[in-house]
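One letter stands for each residue in the lines below.
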Amino acid sequence: MHKLFCLLLTTLLTAATAPLCAQETITIRIADKTTREVIPGATITTADGKIFVANDKGEITISNIASSCKVTGIGYAERTIDLNKTLQIILLEPQATGMQQVIVTANRQVQQRNAAPVAISSISALTIHDTKATTIDQLINKTPGVFMVNLGNEQHMMSIRQPMSTKGLYLYLEDGIPIRTTGVFNHNALLEVNMTAVKNIEIIRGPSSSMYGAEAIGGAINFITKAAPVEPMARVSLQGNNTGYSRADISTGASFGKLGISFNGYFAQNNNGVLERSDFKKYTGTLRADYLVSEKTRLIVSLTALDYYSDMRGSLDSAAFRNKDYSTPQTFTWRKVNALRLKAQLDHKWNNGSNSSIALIYRDNSVAQNPSYRIKDDYRRAGAGFTGNKSLAHGELNDNSFNSYAVVATHQQQWLANKLNTVSGLSVDLSPSTYNANYIRIQQDPDTRRYLSYTERKDSLLSNYYTNIRNAAAFTQLEYRLTENLRLTGGLRFDLFRLAFRNYLPPSAFSGSPNTTETYKRFTPKAGLTWQPLKAIGLYANYSEGFVAPQVTELFNGVKVPDLKPQTFYNYEAGGWLSLLQGKIYADWSIYYLQGTNEIISIRFDDGSSGNANAGKTKHQGVEYGLTLRPTKEWMMRFSGASSTHRFVNYAEKDISYNGKTMNGAPAFTGNAELMYKPKWCPGLRTGIEWQHNGAYWMDPQNTVRDPGFNLLNLRAGYEWKALELWCNVINLTDSYYSINTTKSAFGYAYTVGNPQAFNIGIAYTFTAKKK
């Protein structure tokens, strides 16, 4: 009886004191303050030294009794907080760290910067937020060795380790997937990017064909999109300027347990601007859903749509440019782009060292235009004199459309106690495309040389063909860690291209190329190493190759199909990075030598006709460098630049040799610098001034005339108070009249006028479910 009484008493006491002895737990989600996305891998460190790591949903479950904790994540400023039952979300502020410690573009997987032997720059979500860019060049031109030429209305050319040009030497990616299919490169592809949906941007300078395939010669630019926010939110912004530009953005989304849904989009337009024929309209939106199938499996589905229209200004001649004229001889030229991109990606984590991913992609794209660059005057120079009709010019209406059905599968595996890491994959892309062009007869004012109107001749087809583009590839990349500070990297990719061409025009037509099938095969290797002798210093070196298969229009835009080989480039480079005083001083640099062979040029055959052939060799070499100083939390000073030379080694066009000449459109120096101030005495205020410099360059390959280049100043200011944000950016502060790109040919000078001074004013408000 006594024993039974003691047992009953013990049971009652245990039950009564259990709530007092139990440790209450709370679940916290850690997210980015700018994008509201969760931060997997973020950590909470308690006062007694215990470390908790966030899972893929950004969640950490922790005891409530650990009151004071430190919360941090790679690339974020550390916060000290007191845990309590009501705390559900912790927002970390991005820290603009120079080390750029986390990247994904170098090998399709998340990795640390010190493991990638490439010249790579990252534009953070914070930089995108503070810049309030209306065009992508305002962002990527901040990085060393990159100059994107703004042709107006989000149209562009590019220069990364190459002269300014429209050549297909760059690869533009969205979450690691090419925006357009290989073989139908469009130098304006970046106008298809939904800037509101972009979280951050990574830029690789130099060939990346061993990982991403053709066209990644000068560099690859990867736009990484936003996922759903951790809590229900919506951000609406309106902006406009004095040159006719206006824009409305919306970003919204929410997470519901395992499902996250977001929508990001904007409408932009330019009406009756200072520049004649600069009107445009752009509608774009991205709907994205992230579903956590299990703790190890995630499904991501995204859909992006674009509807774009723009007038085409064309260029000015030397007389109009000298008069500081914003007019244009064009009156009817235009460009229309409709694009749809659908991607479904399944990611699975087998264990800590093994991950697989498969992505299914569909693209539907059409580019229709009445292009100014296709207009040719009938009145033209012929020997010592002129011939032709001054009231007549010739042009065309064309449409290039394609559909893509693609799959990309990758697998990442660690071996040998995590010393060896491999990333391997397969990709298949089937892209049937069509191209048609109709001749137009243009009436021209013989006195002003202005193009007045045109007449389309339906019975005069210049081009009408179908091309079935097939690209299959296999790739692998290995990284072996010899020591904690020394890594070796190697990569190899094999590409097989097949272009089946079917012409609907007779051989006598302007583009009467016979039906044919062209096949191209190519192995592209890469080898490199990274060495970090000290925690604050990193060095790298690499050798890589890149190639560009002939574009459809280079093969089938005539009466003959030329025997063209892929253009091949060989790249040697070395570089490094340095971080001192806890990131207050950061510097990075790269030195490269890039040799191009089999470059496609236009030649004159023995029968007097013209066509394309592999006959060119070029040499590109330079130094790229960047420096960021953060003496205090209030001040940031940044400088980036590139000193380079681009020369013809063996290059002749229409019987004219350019051997030893500097390539046209190739400044010896480009630079960008910025000073930013965020005062402590006024939280939420930011001000900054930026300098953009493009050095002098030759207008023509004969090196007879130089363009002086230009200098621009941009002023930015913004203020955030709770959910409200206001900003004012002054682009081209001094209202300089300049040409952003100038060429000289037998037809004369062509100046592309840069945008005049613009005062861009905006307002944004963020709605959230709860105040944090």
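Heads up: these notes are all about the structure in this document. (Residues numbered from 1 in each chain as written. Predicted model: local features only at pLDDT ≥ 70, side-chain atom pairs only at ≥ 80, totals over all residues. Heavy atoms only, no water.)

What to know about empty space enclosed by the protein
For step 1, the next point in the chain: Within the structure shown, the criterion is met by 11 cavities of 30 Å³ or more.
For step 2, the next point in the chain: The volume enclosed by the largest cavity comes to roughly 230 Å³.
For step 3, the next point in the chain: Around the largest cavity sit 24 residues that line it, and Pro 178, Ser 427, Asp 429, Asn 471 and Arg 493 are the ones nearest its centre.
For step 4, the next point in the chain: Those elements giving two or more residues to the lining of the largest cavity turn out to be strand S14 (177-178), strand S23 (354-370), strand S27 (392-415), strand S28 (420-444), strand S29 (451-481) and strand S30 (486-503).
For step 5, the next point in the chain: Of the residues contributing to the lining of the largest cavity, the split by class is 12 nonpolar, 6 polar and 6 charged.
For step 6, the next point in the chain: In this structure, the second largest cavity encloses a volume near 160 Å³.
For step 7, the next point in the chain: When contributions to the lining of the second largest cavity are tallied by element, the ones reaching two or more residues are strand S11 (146-152), strand S12 (155-160), strand S36 (635-650) and strand S39 (669-677).
For step 8, the next point in the chain: Per-element tally for the lining of the second largest cavity: the top contributor is S36, with 3 residues. (1 Å grid on protein atoms, 1.4 Å probe; cavity = no way out; pocket = protein on both sides within 12 Å on 5 of 7 lines; lining within 4 Å. Points joined across faces, edges and corners; volume = space filled by probe spheres on them. Helix = DSSP H or I, 4+ residues; strand = E, 2+ residues; numbered from the N terminus. Nonpolar A, V, L, I, M, F, W, Y, C, P; charged D, E, K, R; others polar.)

A look at the pairing of strand S47 (residues 758-768)
Every regular strand shows the same layout, with side chains that alternate between the two sheet faces.
For step 1, the next point in the chain: Bridge analysis of strand S17 (residues 233-240) against S47 gives 8 bridges, and the strand direction is antiparallel. Looking at the pairing, Gly 240 lines up with Ile 761 of S47.
For step 2, the next point in the chain: In this sheet, S47 lies alongside strand S44 (residues 724-731) in antiparallel orientation, the contact comprising 8 bridges. Bridge assignment links Ile 731 to a residue of S47, and that residue is Ala 758. (Pairing = 2+ DSSP bridges.)

Structural notes on the packing of aromatic side chains
For step 1, the next point in the chain: Scanning the model with the defined rule gives 25 aromatic pairs in all.
For step 2, the next point in the chain: Sitting over the ring of Tyr 379, Lys 390 keeps its end group 5.1 Å from the ring centre. (Phe/Tyr/Trp six-rings, centres within 6.5 Å; stacked < 30°, edge-to-face > 60°. Lys NZ or Arg CZ within 6 Å of the ring centre and 35° of its normal.)

Details of the sheet that holds strand S1 (residues 25-32)
For step 1, the next point in the chain: Spatially, 3 strands are ordered S4-S1-S7 in an open sheet, and the strand pairing comes out mixed. Both edges of this open sheet fall to strand S4 (59-63) and strand S7 (89-92), since each of them pairs with a single strand only. Direction aside, neighbouring strands of the sheet carry axes that sit 35 degrees apart on average.
For step 2, the next point in the chain: Pairing of S1 with S4 involves 5 bridges; the strand directions are antiparallel. Paired with Arg 29 across the bridge in S4 is Glu 59. (Axes fitted to C-alpha atoms, helices over the stretch in contact; angles between N-to-C directions.)

Some thoughts on the pattern of salt bridges
For step 1, the next point in the chain: For the coordinates displayed, the defined rule picks out 34 salt bridges.
For step 2, the next point in the chain: Arg 277 is the salt-bridge partner of Asp 311, the closest N and O atoms lying 3.2 Å from each other. Note that Asp 311 is positioned in strand S21 (residues 297-311) and Arg 277 in the loop between strand S19 (259-270) and strand S20 (280-294), a separation of 34 residues in sequence. Here Asp 311 matches Arg 277 in class, with each residue buried.
For step 3, the next point in the chain: A salt bridge links Lys 744 to Asp 700, with the nearest nitrogen and oxygen atoms 4.0 Å apart. With Lys 744 in strand S45 (residues 739-745) and Asp 700 in the loop between strand S41 (697-698) and strand S42 (706-707), this pair connects stretches of sequence that are 44 residues apart.
For step 4, the next point in the chain: We classify Lys 744 as partly exposed; its relative accessible area is 27%.
For step 5, the next point in the chain: Its relative accessible area of 1% is what places Asp 700 among the buried residues. (Salt bridge = Lys/Arg side-chain N within 4 Å of Asp/Glu carboxyl O. Buried < 20%, exposed > 50% of the residue type's maximum accessible area, 1.4 Å probe, protein only.)

Structural notes on the sheet that holds strand S15 (residues 198-205)
For step 1, the next point in the chain: Spatially, S10-S15-S16-S13-S14 is the arrangement adopted by the 5 strands of the open sheet, whose pairing is mixed. Only two strands of the sheet have a single neighbouring strand rather than two, namely strand S10 (119-123) and S14.
For step 2, the next point in the chain: Where S15 meets strand S16 (residues 219-225), 7 bridges bridge the pair, whose relative direction is antiparallel. From the neighbouring strand, Ile 204 faces S16, where its bridge partner is Ala 220.

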